[in-house]
Amino acid sequence: MNRKEITVFEDLLGSNKKIANELRHYLRAKGIFTINLMSSPGSGKTSLIEKLIDHLWPQHPLAVIEGDIETDLDAARIRAKGVPAWQITTGGACHLEAKMIARIIREIPEKTEFLFIENVGNLVCPASYDLGENLRFVLLSIPEGEDKPLKYPKAFLTAQGLIITKIDLLGPISFDLDKVKEEARKINPTLVIFTTSSRTGEGIKEFATYLIQQRQRFQENNA
Amino acid sequence: MHELSLIASLFEILEAQKAEKGFTKITAIKLRCGVFSGVVPECLEAAFEVYKKDTFASEAKLILEVVPVKFRCRRCQQIETAYDLPFFCPVCQSKDVEILDGTELTLVSFEAEI
Ligand SMILES: Nc1nc2c(ncn2[C@@H]2O[C@H](COP(=O)(O)OP(=O)(O)OP(=O)(O)O)[C@@H](O)[C@H]2O)c(=O)[nH]1
Ligand SMILES: [Mg+2]
Ligand SMILES: [Zn+2]
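Residues numbered from 1 in each chain as written. Chains lettered and ligands numbered in written order. Predicted model: local features only at pLDDT ≥ 70, side-chain atom pairs only at ≥ 80, totals over all residues. Heavy atoms only, no water.

Of regular secondary structure, chain A possesses eight helices and eight strands. A globule of 223 residues ought to have a C-alpha radius of gyration of about 17 Å, and chain A, at 18 Å, matches this closely. With the C-alpha coordinates of chain A rotated into their principal frame, the extents come out at 70 × 40 × 35 Å. A burial count over chain A gives 54% of its 223 residues as buried. Approximately 9900 Å² of chain A is accessible, and the part contributed by carbon and sulfur atoms is 49%. If the 29 positive side-chain charges of chain A are averaged to one point and the 29 negative ones to another, these points end up 4 Å apart. (Helix = DSSP H or I, 4+ residues; strand = E, 2+ residues; numbered from the N terminus. Rg over C-alpha atoms; globule rule 2.2 N^0.38 Å. Buried < 20%, exposed > 50% of the residue type's maximum accessible area, 1.4 Å probe, protein only. Areas by Shrake-Rupley, 256 points an atom, 1.4 Å probe, with all protein chains shown as cover. Lys, Arg positive; Asp, Glu negative; His and termini not counted. Charge placed at Lys NZ, Arg CZ, Asp CG, Glu CD.)

With that settled, consider the sheet that holds strand β3 (residues 69-73) of chain B. Residues and elements named next belong to chain B. The strand order across the open sheet built from three strands is β4-β3-β5, with neighbouring strands paired in antiparallel fashion. Here the strands that pair on one side only, and so sit at the sheet edges, are β4 (79-82) and β5 (97-101). The sheet shows a mean angle of 35° between the axes of neighbouring strands, direction not considered. Here four bridges tie β3 to β4, and the two strands are oriented antiparallel to one another. By the bridge assignment for β4, Val69 is matched with Ala82. (Pairing = 2+ DSSP bridges. Axes fitted to C-alpha atoms, helices over the stretch in contact; angles between N-to-C directions.)

With that out of the way, let us pick up the site of ligand 1. All names here are of chain A. Of all residues adjacent to ligand 1, which total 17 residues, the nearest are Lys45, Thr46, Ser47, Asp168 and Ser198. For ligand 1, an oxygen atom lies 3.0 Å from a polar atom in the side chain of Asp74. The contact in question runs from an oxygen atom of ligand 1 to an N or O atom on the side chain of Arg77, over 3.1 Å. Contact with the protein chains covers 74% of the free accessible surface of ligand 1, which is 650 Å². Where the shell around ligand 1 is concerned, the elements lending two or more residues are α2 (45-56) and α3 (73-79). (Near = heavy atom within 4 Å. Polar contact = N/O pair within 3.5 Å; in protein donor to acceptor, adjacent residues only side chain to side chain.)

This part takes up the interface of chain A and chain B. Taken together, the contact pairs 29 residues of chain A with 36 residues of chain B. For the pairing of chain A and chain B, the buried interface totals around 3000 Å² over both sides, and the portion due to carbon and sulfur atoms is 63%. The largest contributions to the chain A side of the interface with chain B come from Ile6(A), Leu12(A) and Lys186(A), which together make up 24% of the buried area. As a salt-bridge pair, Glu5(A) and Lys30(B) come within 3.4 Å of each other at their nearest N and O atoms. (Contact = heavy atoms within 4.5 Å. Buried area = accessible area lost by both parts, 1.4 Å probe. Salt bridge = Lys/Arg side-chain N within 4 Å of Asp/Glu carboxyl O.)

Right, let's talk about the coordination of the magnesium ion (ligand 2) for a bit. All names here are of chain A. Thr46 (OG1), Asp74 (OD) and Glu118 (OE) make up the full set of protein donors to the magnesium ion (ligand 2), lying at 2.1 to 2.2 Å. Going along the chain, you hit the donors of the magnesium ion (ligand 2) in the pattern T-x27-D-x43-E. With a gap of 72 residues between them, Thr46 in helix α2 and Glu118 in strand β5 (residues 114-118) connect regions that are remote in the sequence. Both residues of the pair, Thr46 and Glu118, belong to the buried class. (Donors = N, O, S within 2.8 Å, 3.2 Å for Na, K, Ca; no water.)

Honestly, it's all geometry; don't read function into it.
Next comes the structure, spelled out in structure tokens:
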């Protein structure tokens, strides 16, 4: 019996990246600007999408993909607003993968301008999986405290932006807004940062306006 | 925990190698894991132990090489490596750095009985 060392040098996430790039290609051709939202459970992802719908829909056709381990409650919340939504239940997996998105991508209506993907509530695993998105945002809510960026560096490193949510709780809860921004920018100095409240509506319009501008740029680059 | 999906991807690659090269058994697997890969080495090892049972790699040893983050200073362009936050440039002390590497998870090589 002969033992032999075989050199491979292959990325374990390579097959996911390949599918993600195909998705990005498809979405680009359709003019669908895609945003992947990641956070710990309960940071306010679905609430933020609901508020964005109030600003964007129906002038800007949009669609939502909800990732969850078990239930389809989040998709039901979105459909209640008349917006097309798909639920992916991962059956235990703690993140969405590109191949899960690929299974439903062709059902998204023509002329859709924005696709929001709400990832499974978790700040570790989703960070490793490209879903073919144009923008990746991490949400961090006031009750979670300021040390999240240091605990979950990869999420902050791979994102383009950070949304500090539940800003209406600032005051009752001690939270140093400047400190968390500084910590996040230590990991990723180019992060775009928004602060929002889905209770009072603060900051939602600014974020919606930003998304419209980003999609415009995306369309110009497409032309 | 996404370590199990990662090990599943590892076995997909190994299966393809097996089909191509026709070995019967794998005795060692070398992975390179960036400190910012988002992987917990202990979880990866645990997932591997579960997954390898009753496969051609059931007796294989997993060798994990943890590699540091590589970054470039945006002020003076110095390239450095580090295992821990916060990252800063040892030359000019700037904290404005661009991460170049250290997020990867790569199958480097494996040892097979042929
Ligand atoms: N005070 C306050 N509460 C909020 C805000 N946004 C969301 N919440 C509350 O936080 C809880 C979780 O909100 P969701 O929007 O469901 O959070 P999520 O990130 O989608 O949660 P998962 O999908 O389970 O990970 C709910 O009880 C919301 O009412 C906010 O801006 N302010
Ligand atoms: Mg939700
Ligand atoms: Zn420097």
